[in-house]
Amino acid sequence: MVIQDDNMDDLVDNWPSFQKRVTVFLGAGASIGALNQAGRALPNAYQLRNDLWEKYKWRADDGNFDPSTLRLMSLEHAAAIIEAKTGRTVLGEYLQDAFHCSKPLWQHLALPYLNPASLFTTNYDQLIELGYAGSGKVLDVICSNRSPMAGQTALFKPHGSLSHINQPVGQGGLVITQFDYLEMIADYRKMLQNAMTGFSSTCVLIIGYSFGDMDIGSELYALRKKNDGIPWYAIFPRADKEVRRMYSRRFGIEQINRTFESFLADLDARIDFLPSKLKHAQKNVLEAS
């Protein structure tokens with residue numbers, strides 16, 4: 001059963017005007033449900049902090065590991081300490097194993113058929129690339145502040161990508177420690193500007209992103225305040241009127257109460273953008289192939 005949502009209705013009504021000017025921004029929530037090659041769910045920031053600390057910093061004679069001993073230590077700070085102990089190579093290998101997926105989710109297969117003008121993700125994984133692989137559409141994966149290639153859909157990955165894991169930070173290497181973030185702050189602004197050229201006439205769909213990281217979140221906030229000529233939408237599953245009001249009043253962004261999957265399934269049911277073989281009804285067949 002599809003939940004009624006006035007903001008979803010508005011987006012559908014406006015789709016004929018918006019469909020050629022969409023930028024899709026994917027946060028960690030857009031990868032929920034994906035499994036790595038070991039069959040484990042991709043870790044969130046809290047889980048990753050704990051897993052890294054238990055594996056590389058905790059000693060057996062310390063007793064059973066208790067995540068509460070880390071208190072409010074951030075992932076970035078924990079990773080910097082671990083990097084100082086293990087070096088960059090071992091840390092990178094762990095992240096490669098934790099986030100490497102061989103299959104996309106249904107929603108990543110559907111995403112290319114929205115024909116976004118550009119994409120932007122804070123995720124390391126290659127789920128977007130896997131989703132695009134069979135679509136016939138060419139992605140230009142950008143992990144620096146360079147300009148996009150003409151005739152290709154730009155995928156901006158400021159936190160790096162598993163496909164570039166051996167490159168330096170700023171050229172695709174994974175941004176994980178607090179010092180990596182310090183190095184990348186200046187580049188975020190340029191990447192966002194490249195990703196969203198013509199903001200005043202771009203409809204931005206922000207999927208599974210919480211604005212929790214102050215670096216990119218602050219840039220998005222500033223860009224939205226400067227350019228409010230067309231609606232932006234944040235898609236995440238939460239029915240909370242205060243949260244909805246906060247996004248609308250403070251960010252100038254309208255929330256749609258959907259998961260990534262249910263959003264695309266509902267949108268396709270209304271505007272019919274997917275080929276028959278990729279309809280949501282075929283999800284189980286696609287996952288088994």
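Residue positions are counted from 1 within each chain, in the order its sequence is given. It should be noted that, the model being predicted, local features are given only for residues of pLDDT at least 70 and side-chain atom pairs only at 80 or more, the latter also being counted only at that level, while totals for whole chains, interfaces and linings use all residues. Side-chain measures were taken over the full set of non-hydrogen atoms in the model, leaving aside hydrogen atoms and water.

A. Region of interest: a nonpolar patch on the surface. A cluster of nonpolar side chains, namely Phe179, Leu182 and Ile185, defines an oily patch on the protein surface of about 310 Å² accessible area. Using a 1.4 Å probe on the protein chains alone, a residue whose accessible area is under 20% of its type maximum counts as buried, one over 50% counts as exposed, and one in between counts as partly exposed. Overall, the relative accessible area of 59% leaves Leu182 in the exposed class. In this scheme, patches are assembled from residues that exceed 30% relative accessible area and form no salt bridge. Like charges are connected within 9 Å, while nonpolar side chains (Val, Leu, Ile, Met, Phe, Trp, Tyr) are connected within 5 Å. Surface accessibility follows the Shrake-Rupley procedure with a 1.4 Å probe radius. Residue values consider only the protein chains on display as shielding. One speaks of a salt bridge when a side-chain nitrogen belonging to Lys or Arg is within 4 Å of a carboxyl oxygen belonging to Asp or Glu.

B. Fine view of the side chain of Asn257. Inspection of the secondary structure assignment puts Asn257 in the loop between strand 7 (253-256) and helix 10 (260-271). Of the residues examined, Asn257 reaches a relative accessible area of 12% and is grouped as buried. A 3.5 Å cut-off defines polar contacts: any pair of N or O atoms within that distance qualifies, except that in protein one atom must be a possible hydrogen donor and the other a possible acceptor, and neighbouring residues in sequence count only when both atoms are side-chain atoms. Engagement of the side chain of Asn257 in a polar contact is seen with the backbone nitrogen of Arg238, the distance being 2.8 Å. Only heavy atoms matter for contacts: two residues are in contact if any of them lie within 4.5 Å across the pair. Those residues within four positions of Asn257 in sequence are excluded, and the remaining contacts are Ile3, Asp5, Phe236, Pro237, Arg238, Ala239 and Arg244. Counting from the N terminus, the helices are DSSP H or I runs at least four residues long and the strands are E runs at least two residues long.

C. How the structure looks around the nonpolar core. Within this scheme, the nonpolar core is defined by two criteria: the residues are buried Ala, Val, Leu, Ile, Met, Phe, Trp, Tyr or Cys, and they are joined through side-chain atoms within 4.5 Å. One finds Leu11 and Phe263 to be the most contacted residues of the largest nonpolar core, which totals 36 residues. Contacts of Leu11, omitting those with residues within four sequence positions, involve Phe18, Cys203, Leu205, Tyr233, Ile256 and Phe263. Counting residues in each nonpolar core, the second largest holds 24 residues, with Leu48, Trp53, Leu105 and Leu162 among its members.

D. The arrangement of the packing of helix 8 (residues 214-226) against helix 9 (residues 241-251) in detail. Between helix 8 and helix 9, the shortest axis-to-axis distance is 10 Å and the interhelical angle comes to 65°. Here Tyr221, Arg224 and Lys225 of helix 8 lie close against helix 9, whose contacting residues are Arg249, Arg250 and Phe251. For the contact of helix 8 with helix 9, the residue count by class is 2 nonpolar, no polar and 4 charged. Fitted lines through C-alpha atoms give the axes, limited to the stretch in contact for helices. The angle between two N-to-C directions lies from 0 to 180 degrees. Gly is put with the polar residues, along with every residue not named as nonpolar or charged; the nonpolar set is Ala, Val, Leu, Ile, Met, Phe, Trp, Tyr, Cys and Pro, and the charged set is Asp, Glu, Lys and Arg.

E. Structural detail: the pattern of salt bridges. Applying the stated rule across the entire model yields 14 salt bridges. Between Arg258 and Asp266 there is a salt bridge; the shortest N-O distance is 2.9 Å. Here the two residues Arg258 and Asp266 agree in accessibility, since each one is buried. Overlapping salt bridges, with partners in common, bring together Asp9, Arg258, Asp266 and Arg270 in one network.

F. Fine view of the state of the cysteines. Disulfides are defined as cysteine sulfur pairs within 2.5 Å. Under the defined criterion, the tally for this structure stands at 0 disulfides. The thiol of Cys101 is not disulfide-bonded; the next cysteine sulfur, from Cys143, is found 16 Å away. Residue classification places Cys101 among the buried positions, given a relative accessible area of 7%.

G. The pairing of strand 1 (residues 22-26), seen in detail. Burial analysis of strand 1 places 5 of its 5 residues in the buried class, the great majority of the element. Burial along strand 1 is two-sided: the residues Val22, Val24 and Leu26 and Thr23 and Phe25 are all buried. Strand pairing is defined by DSSP finding a minimum of two bridges between the two strands. Looking at chain direction, strand 1 and strand 5 (residues 203-207) are connected through 5 bridges and run parallel. Counted as the bridge partner of Val24 is Leu205 from strand 5.

H. Geometry of helix 3 (residues 75-86). Helix length check: helix 3 (12 residues) gives 16 Å between terminal C-alpha atoms against 16 Å at 1.5 Å per residue, within 8%. Residues of helix 3 that are buried include every one of Leu75, Ala78, Ala79, Ala80 and Ile82, and no others. Phi turns positive one or two residues past the end of helix 3, at Gly87, with a value near 90°. Multiplying 1.5 Å by the residue count of a helix minus one yields the expected span of that helix.

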